[in-house]
Amino acid sequence: INAEYMGMSYDDDRIPILRVASSSDSKAMATAVERRVMNYQAVKLEAVGAGSVNQAVKAVAVARTNLEIEGKGLAFYPEFIHIPARDSSQQERSALQFYAFSTPPTRIIFPRRDEDAPLLKVSAKSDVKAMSTTLAGRLRTSGVVRLQAVGPGSVNQAAKALAIARRTIDEGSDIVAIPEFVHIPAPTPTEGERSAVRLTLFFKSERLRRRRDDRYEERWEEYEERRDDRRRDDRRDERRRDDRGRDDRRDTNDRYERNSPPRDRFERERPKRNDSRGSPKPPPRQVKDSARPPKERANPPPQSDGKAIAKPQIPPYRAEVKDDEIQELRVNGKSDSKNVAGAVAARLRQGNPVRITVMGSSCVNVMVKAVAVARTYLEEDRADIAAYVNFTHLPGASEEEQQRSAIQAVLYLSKEHRYDEQKVSEFKVAGATNPKSTAGAIANGIRSGKLCKLEALGPAAVNQALKAIAIGRLNLKDNDTDIYFIPKFRTLDLSNGRRSALELLVLPVQKP
């Protein structure tokens, strides 16, 4: 296998060049290599340094694995080149160039497994000249040698030894390298296995080339015969499936026509209504629904679950609700927000407010998400939710802890909210934001006649936002003003992708 399979020489100027760095992504580089060799084209990879050489060899190994699925193979020749140095004080620097080219599949060219071939392990401290001499001698005797390297330094030494060995062999012969990934045991049993790069090297002389070319022709003919047979079987199976489906449709139509009455029977039995002059009477005039009496009109469609909902009210000002008039809901951090939203919407439709007491950022996040989802459920009823939040205390978990602080939200069924977008001031709340500072900003904005919108991303940020609203209610108590919030979802375009955040709009209520 060599460049003659592609119809171009090694020094052809049409061959594209890819420069590989130590920070290059081997999978992305493998995709670039595949695109250039899909149609039996070649590509050159230039690498400077151990890290770059390691990434180049890994890219060729990944590309070879992907091309084997398409019925093609990939091999490469390494050699030393000189490229201009970055520093003006130096003229040139040495680099490795990998000439990767497309070949027939490896399983066709080399059908046997070379497990008995000599295995040479290369380390980062191996002498490349001694390794190249050993490599050339083993290839002359056995024809196949395997190199195994772990780590960038070892792969770099293996590539250098192969490039030097290509210079020492006789003219008319060459060495072909096919890379692949293998798993080898780790030095300690607790670490399991680790990944390594194995280069299978084939010595190609004129005598071996003629023998392997004949074997390649035979294997390729067998491969084409198997491929044609497989395609022929697929077409036969497809025709059988089509015929079977056509027969099923024909049987269904036959059964339908056999069990159905004759079509002309209706025409024979249809009464003929003629007047005295022999002309047929016009068909009777059909009365539309709108012209029918009111008692015959259809009933109006039921609302929501079939029951009329309570009439939405204006959000109240610091309303105090008795315990027997309010409905309690319990929410924890593992509750499904959609299930909680359904329960909230169903209870609000009955007319009584809903009270939810939560403790912890995860529970607060679930509650706010549930309210946002419940608002979408009430849109068809032309209603909305007004959520009032305040602090409360719960009994402690132990005798040492007498009380625990929690957040309590009271939800009312209200009319659809209308506000001016130009009067809205936006604030971003994070998990480390001080809620007292945000509460002061909310109170100042409400006093000046503006609305506030809080944007929170994550449970901790939502928890801080609700704390700020609760503190803001306390700050505005002396101004005869109350505030409530309505949440909704918002999609943010961030550098790491699209994220879903919560947007809390704070609206004021004046004392009547």
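Residues numbered from 1 in each chain as written. Predicted model: local features only at pLDDT ≥ 70, side-chain atom pairs only at ≥ 80, totals over all residues. Heavy atoms only, no water.

**Quick look at the confidence of the model for the chain**
With 74% of its residues at a pLDDT of 70 or more, the chain has an overall mean of 77. With pLDDT under 50 throughout, residues 1–9 is counted as low confidence; its partners more than four residues away or in other chains account for 31 contacts. (pLDDT = per-residue confidence, 0-100. Contact = heavy atoms within 4.5 Å.)

**Some words on the environment of Q403**
Among the structural elements, Q403 can be located in strand β12 (residues 403–414). The class for Q403 is exposed, based on a relative accessible area of 55%. The spatial distance from the C-alpha of Q403 to the C-alpha of T392 is 9.8 Å, given a sequence separation of 11 residues. (Helix = DSSP H or I, 4+ residues; strand = E, 2+ residues; numbered from the N terminus. Buried < 20%, exposed > 50% of the residue type's maximum accessible area, 1.4 Å probe, protein only.)

**Digging into the pattern of salt bridges**
Taken as a whole and assessed by the stated rule, the structure comprises 12 salt bridges. For R232, the salt bridge identified is with D229, shortest N-O distance 2.7 Å. Taken as a pair, R232 and D229 lie in helix α6 (residues 206–259) at a separation of three residues, close to a single helical turn. Across the salt bridge formed by R375 and D384, the nearest N and O atoms sit 2.8 Å from each other. D384 carries the same exposure label as R375, and that label is buried. By sharing partners, the salt bridges in this structure join K453, E455, K488, R490 and E503 into a single network. (Salt bridge = Lys/Arg side-chain N within 4 Å of Asp/Glu carboxyl O.)

**Re the packing of aromatic side chains**
Here the structure, examined in full by the defined rule, presents six aromatic pairs. Look at Y99 and F101: their rings are 5.6 Å apart centre to centre, the planes differ by 35°, and that puts the pair in the tilted class. In this structure, Y99 and F101 share a single accessibility class: buried. Relative to Y484, the ring of Y388 has its centre 5.5 Å away and its plane inclined at 40°; by these criteria the two rings are tilted. With Y388 in strand β11 (residues 384–395) and Y484 in strand β15 (residues 481–494), this residue pair connects regions lying 96 residues apart in the sequence. Judged by relative accessible area, which is 5%, Y484 ranks as buried. (Phe/Tyr/Trp six-rings, centres within 6.5 Å; stacked < 30°, edge-to-face > 60°.)

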